[in-house]
Amino acid sequence: MTMTVEAATPSAVIDRVSLVLDAFDGPGRLTLAQIVRRTGLPRSSAHRMLERLVQLRWLRRSGRDYELGMRLVELGSLAVHQDRVHRAAMPLLHELHRATGLVVHLAVRDGADVVYLEKIGDRMTAAIPTRVGGRHPAHCTAVGKAILAASGDNVIESLPTDLLPRKTKYSISTPSQLRTELSKVAAHGVAFDREESLAGFGCVAASIGGPGEAVAAVSVCGPMNRMMFDQRLVAPVRMAALGIWRQIDCGAGGVAPTLQQMRPLRLGPTVRGYDAASEASGLQLA
C-alpha cells in the first residue's frame, strides 16, 4: 500500500514560516483568514504554525488577531547593531546630523529597493515616513541612486527595461532617465532627491565603499526650503561617507575625519535644478 506523506523537510518548514512572516509586511494586525489568503496555506496548517510562532514569541496574539512578536524585534535590533557598516557609521551619522540639522539616513540596497539601517534626527523625523528596517524603491531615493551609480556596470546593466514605479510626480519613471541620472551621479559622486520620494522633501546622498563596491549610502534629508543642492551639503555628506568607509576598511581601530561644524541653516526656497552657489562652485546639478 502506498502512503502519501506531507512534506515536512526542514526546507519546507522554513519556507512556510517565511511565508507566514512575510504576510506581516505592512502595518496592522492580521486575522487567521487574512494570513490564509496571503500565504495560500491550508487553514489548519496556518493555524498550527501561527500558534507555535506565538509560543516562540515570534508572533503575538491579541484575541483573534496576530502581530509580530518581541522576539523578532529583539533579533532585528541585534542584526542591525551587529552590522559592521552600522557600527562604523554611528558616530559620523550623529556628527552629520549635528553639523547640518537635517535628518540623516544610512541605507543598503536589497534588490530594487533600499533598506534603512539607521535614521537620526529631531522633530523633523516624524514628517519623513522612513524607519529602520523599512524599504523604498532605490530609483526614487538619493541613497538608492548613490548606491546604484557606484555599484559598477554589471548592476546598471541589470536594471529593468520596463516602466519604473513612481512615488511622486517627480520620480524617475523610465530606464533611460535612470541611466542618465546615474551617469551624472557617478561623475559627481553625489546623488540628489528633489521630491522624488516624498512631496516637499529632498535629500543629498553619497555612497559608502571603494570603486565599484558600494556597500551602503548616507544621506541628509529635509524640507525643500531647507535643502541646499551644492557644496554646503555635498561636502559634509561626502566627508561622512568617506569617514565611514575608512572606519570599515581600517577596522575598529580606524580613525575617521571630523566633520566641520556648519552654521544653522536659514534658507529660502531653492529653484529646482539650479542654485547660484552650486554654479559658482563648479558643481553641475543633476
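Residues numbered from 1 in each chain as written. Predicted model: local features only at pLDDT ≥ 70, side-chain atom pairs only at ≥ 80, totals over all residues. Heavy atoms only, no water.

1. Here we look at the state of the cysteines
Overall, the coordinates contain 1 disulfide when judged by the stated rule. One disulfide in the model links C203 with C221; its S-S distance is 2.2 Å. Looking along the S-S bond of the C203-C221 disulfide, the torsion reads about 110°, which is the right-handed sense. Placement of the pair is C203 in strand 8 (residues 201–210) and C221 in strand 9 (residues 213–223), with a sequence separation of 18 residues. Relative accessible area serves as the criterion here: at 10%, C203 is assigned to the buried category. (Disulfide = S-S within 2.5 Å. Helix = DSSP H or I, 4+ residues; strand = E, 2+ residues; numbered from the N terminus. Buried < 20%, exposed > 50% of the residue type's maximum accessible area, 1.4 Å probe, protein only.)

2. Describing the packing of helix 6 (residues 142–149) against helix 8 (residues 175–188)
Running from N to C, helix 6 and helix 8 cross one another at 75°; their axes reach a closest spacing of 9 Å. Judged by the angle between their axes, helix 6 and helix 8 are roughly perpendicular. Contacts from K145, A146, L148 and A149 of helix 6 reach helix 8 at E181, L182, V185 and A186. A class-by-class count of the residues in the contact of helix 6 with helix 8 yields 6 nonpolar, no polar and 2 charged. (Axes fitted to C-alpha atoms, helices over the stretch in contact; angles between N-to-C directions. Parallel < 35°, antiparallel > 145°, perpendicular 65-115°, else oblique. Contact = heavy atoms within 4.5 Å. Nonpolar A, V, L, I, M, F, W, Y, C, P; charged D, E, K, R; others polar.)

3. Details of the sheet that holds strand 5 (residues 113–120)
Reading across the sheet, the 6 strands line up as 6-5-4-9-8-7 and stay open at both edges, with antiparallel pairing between neighbours. With one partner strand each, in any of the chains shown, strand 6 (135–137) and strand 7 (191–194) form the two edges of the open sheet. The sheet shows a mean angle of 30° between the axes of neighbouring strands, direction not considered. Across 7 bridges, the pairing between strand 4 (residues 103–110) and strand 5 is antiparallel. Residue pairing across strands places R109 opposite V114, the latter belonging to strand 5. (Pairing = 2+ DSSP bridges.)

4. Focus: the sheet that holds strand 2 (residues 59–62)
Spatially, 1-3-2 is the arrangement adopted by the 3 strands of the open sheet, whose pairing is antiparallel. With partners counted over all chains shown, the strands left at the sheet margins are strand 1 (30–31) and strand 2, one partner each. Here strand 2 pairs with strand 3 (residues 65–68) via 4 bridges, running antiparallel. When the sheet's bridge partners are listed, S62 is paired in strand 3 with D65. The strands touched by helix 3 (residues 43–55) within the sheet are strand 2 and strand 3, with strand 2 carrying the most contacts at an inclination of about 105°.

5. So, the nonpolar core
Ranked by size, the top nonpolar core spans 61 residues in total, and within it L93, L106, V204, I208, V218, V220 and I244 carry the most contacts. Here the element with the most residues in this core is helix 9 (residues 231–250); it accounts for 8 residues. Excluding its chain neighbours within four sequence positions, the residues that come into contact with V218 are L93, L96, V104, H105, V143, V204, A205, A206, I208, V237 and A241. (Core = buried A, V, L, I, M, F, W, Y, C linked by side-chain atoms within 4.5 Å.)

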